[in-house]
Amino acid sequence: MPFIEKFGIREIIEKSDYPKTSQLSRLNSILSFVALKASNIRRYSTDNLWCMDSGQGLFAGLNVLPKAAWFTSYSHRVTSDMNRNFLLELNKKWKEKGLLSNGVNLDFTTIPYWGDSEHLENNWSGKRGKALASMLAVLAQDPDSGIIDYGDVNILHKDEGSVIKD
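Here's what I pulled together on the structure shown here. Note that the structure is predicted; figures quoted are calculated from it, not measured.

Quick look at the nonpolar core
With 25 residues, the main nonpolar core has I9, I13, Y18, L65, F86 and L90 as its most contacted residues. The greatest single-element share of this core, amounting to five residues, is contributed by helix α3 (residues 26-38). In this view, I9 contacts F3, I4 and L90; residues no more than four positions away in its chain are not counted.

Structure follows, in structure tokens:
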């Protein structure tokens, strides 16, 4: 929380395009996801016992976290454009605070997909030693601060060269 306050991330979330409801603000919603991620709960949809943890709820500004169905519903309303706009604003704030250097570590990674894969390309997976139906993701990390300041999972083979933009 001190990091969120110190670097103005709260304001960026509140001004973002992320969905809100009459009960949950944008900040409550995003911090609910952060609380869940920070607690290392991997399969949150298998039970709802974790949502009764008042400490996680307090982190998100709530008495308890929403149940698993809410997380799924909220995720479906968030678009790539919303995420991209949020990351652009976050990047501006990090530059303003002097947290980003002039260099970048760029990593393309394969995210395997085990469902109906007719709409996906085959990408090389070094971990599995073969090409498989997957999504190709890119992450850009600042080499000095370690901050990941860009990410995208909609990369096609033909677009790999145009991923880097100023």
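Next comes the rest of the write-up.
Here's the deal with helix α6 (residues 80-96)
In an α-helix, one full turn covers 3.6 residues, which means residues spaced three or four apart are oriented alike. For α6, with 17 residues, the first-to-last C-alpha span of 24 Å sits near the 24 Å given by 1.5 Å per residue. If you check which residues of α6 are buried, you get M82, F86, L90, N91 and W94. For α6, the buried positions fall inside an angular range of 170° around the axis, keeping them on one side. The exposed residues of α6 that point more than 90 degrees off its buried face are K92, K95 and E96. As for α6, its buried residues are in contact with α1 (2-6), α2 (9-15), α5 (68-77) and β4 (148-155).

Parameters and conventions
Residues numbered from 1 in each chain as written. Predicted model: local features only at pLDDT ≥ 70, side-chain atom pairs only at ≥ 80, totals over all residues. Heavy atoms only, no water. Core = buried A, V, L, I, M, F, W, Y, C linked by side-chain atoms within 4.5 Å. Buried < 20%, exposed > 50% of the residue type's maximum accessible area, 1.4 Å probe, protein only. Helix = DSSP H or I, 4+ residues; strand = E, 2+ residues; numbered from the N terminus. Contact = heavy atoms within 4.5 Å. Expected span 1.5 Å × (residues − 1). Arc of directions from axis to C-beta.

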